[in-house]
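# Fold and geometry: a report
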Amino acid sequence: MEYKFTTDNFEQEVLQSSVPVLVDFFADWCGPCKMMAPIVEKMAEELDGKIKVGKCNIDENMQIAQRYRVASIPTFMVFKDGKACATQVGAMSAADLKNFAERA
């Protein structure tokens, strides 16, 4: 299941999560973000129960993007125990994204 992270639920769904969380920071107008969307969706299904996977629209949730210094999109961050522990910027293959999430 793919989650939608917003200013209203970020604290609860990401920072207080009992499992690691992969957040895809994206925007609707971003070409590489659109290219990554089906990969992120598939990964959410594959890793369900092990890692929570979701998206955060930076245009709608500017405070979160600024807080974590998201300068380029897509940016992928893994959060564990309330902290960002790994960051990867740019489009990548499904295998590379899965490898990044699992390593973190």
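Owing to the predicted nature of the structure, the values given are computational and were not obtained by experimental measurement.

### Points about the environment of valine 53
Locating valine 53 in the fold gives a position in strand 3 (residues 52-57). Judged by its relative accessible area of 1%, valine 53 is buried. Considering only alpha carbons, one finds valine 53 and alanine 101, 48 residues apart in sequence, at a separation of 9.5 Å. Not counting chain neighbours up to four residues away, the residues in contact with valine 53 comprise Met1, Glu2, Tyr3, Phe5, Leu22, Val40, Met43 and Ala44.

### Looking at helix 4 (residues 94-103)
Buried within helix 4 we find Leu97, Phe100 and Ala101. Viewed end-on, helix 4 has its buried residues packed into an arc of 95 degrees, placing them on one side of the element. Among the exposed residues of helix 4, those pointing more than 90 degrees away from its buried face are Ala95 and Arg103.

### Considering the packing of helix 2 (residues 31-46) against helix 4
Two elements in contact, helix 2 and helix 4, have axes whose closest approach is 10 Å; the angle formed by their N-to-C orientations is 50 degrees. As judged from the angle between their axes, helix 2 and helix 4 are oblique. At the point where helix 2 passes helix 4, the crossing takes the right-handed sense. In contact with Met36, Ile39, Val40, Met43 and Glu46 of helix 2, helix 4 contributes Ala94, Leu97, Lys98 and Ala101. When grouped by side-chain class, the residues that make up the contact of helix 2 with helix 4 number 7 nonpolar, no polar and 2 charged.

### A closer look at the state of the cysteines
Evaluated as defined, the whole model comprises 1 disulfide. A sulfur-sulfur distance of 2.4 Å marks the disulfide that ties cysteine 30 to cysteine 33. As the torsion about the S-S bond is roughly 75 degrees, the cysteine 30-cysteine 33 disulfide counts as right-handed. One exposure class covers both cysteine 30 and cysteine 33, and it is buried. As a non-bridged cysteine, cysteine 56 has cysteine 33 as the owner of its nearest cysteine sulfur, 12 Å distant. In this structure cysteine 85 is a free cysteine whose sulfur lies 17 Å from that of cysteine 56, the closest cysteine sulfur available. Exposure remark for cysteine 85: the relative accessible area of 43% places this residue in the partly exposed category.

### Here's the deal with the pairing of strand 2 (residues 21-26)
Burial runs high along strand 2: 6 of the 6 residues are buried. The pairing of strand 2 with strand 3 spans 6 bridges and is classified as parallel. Residue pairing in the sheet places aspartate 24 in a bridge with lysine 55 of strand 3. As a crossover connection, the stretch from strand 2 through helix 2 into strand 3 is right-handed. Bridge count between strand 2 and strand 4 (residues 75-80): 5 bridges; the pairing is antiparallel. When the bridges of strand 4 are listed, aspartate 24 appears paired with phenylalanine 76.

Analysis parameters
- Residues numbered from 1 in each chain as written.
- Predicted model: local features only at pLDDT ≥ 70, side-chain atom pairs only at ≥ 80, totals over all residues.
- Heavy atoms only, no water.
- Helix = DSSP H or I, 4+ residues; strand = E, 2+ residues; numbered from the N terminus.
- Buried < 20%, exposed > 50% of the residue type's maximum accessible area, 1.4 Å probe, protein only.
- Contact = heavy atoms within 4.5 Å.
- Arc of directions from axis to C-beta.
- Axes fitted to C-alpha atoms, helices over the stretch in contact; angles between N-to-C directions.
- Parallel < 35°, antiparallel > 145°, perpendicular 65-115°, else oblique.
- Left-handed = near helix turned anticlockwise from the far one by under 90°.
- Nonpolar A, V, L, I, M, F, W, Y, C, P; charged D, E, K, R; others polar.
- Disulfide = S-S within 2.5 Å.
- Pairing = 2+ DSSP bridges.
- Right-handed = clockwise from strand over helix to strand, strands pointing away.

Purely geometric numbers; function is a separate question.
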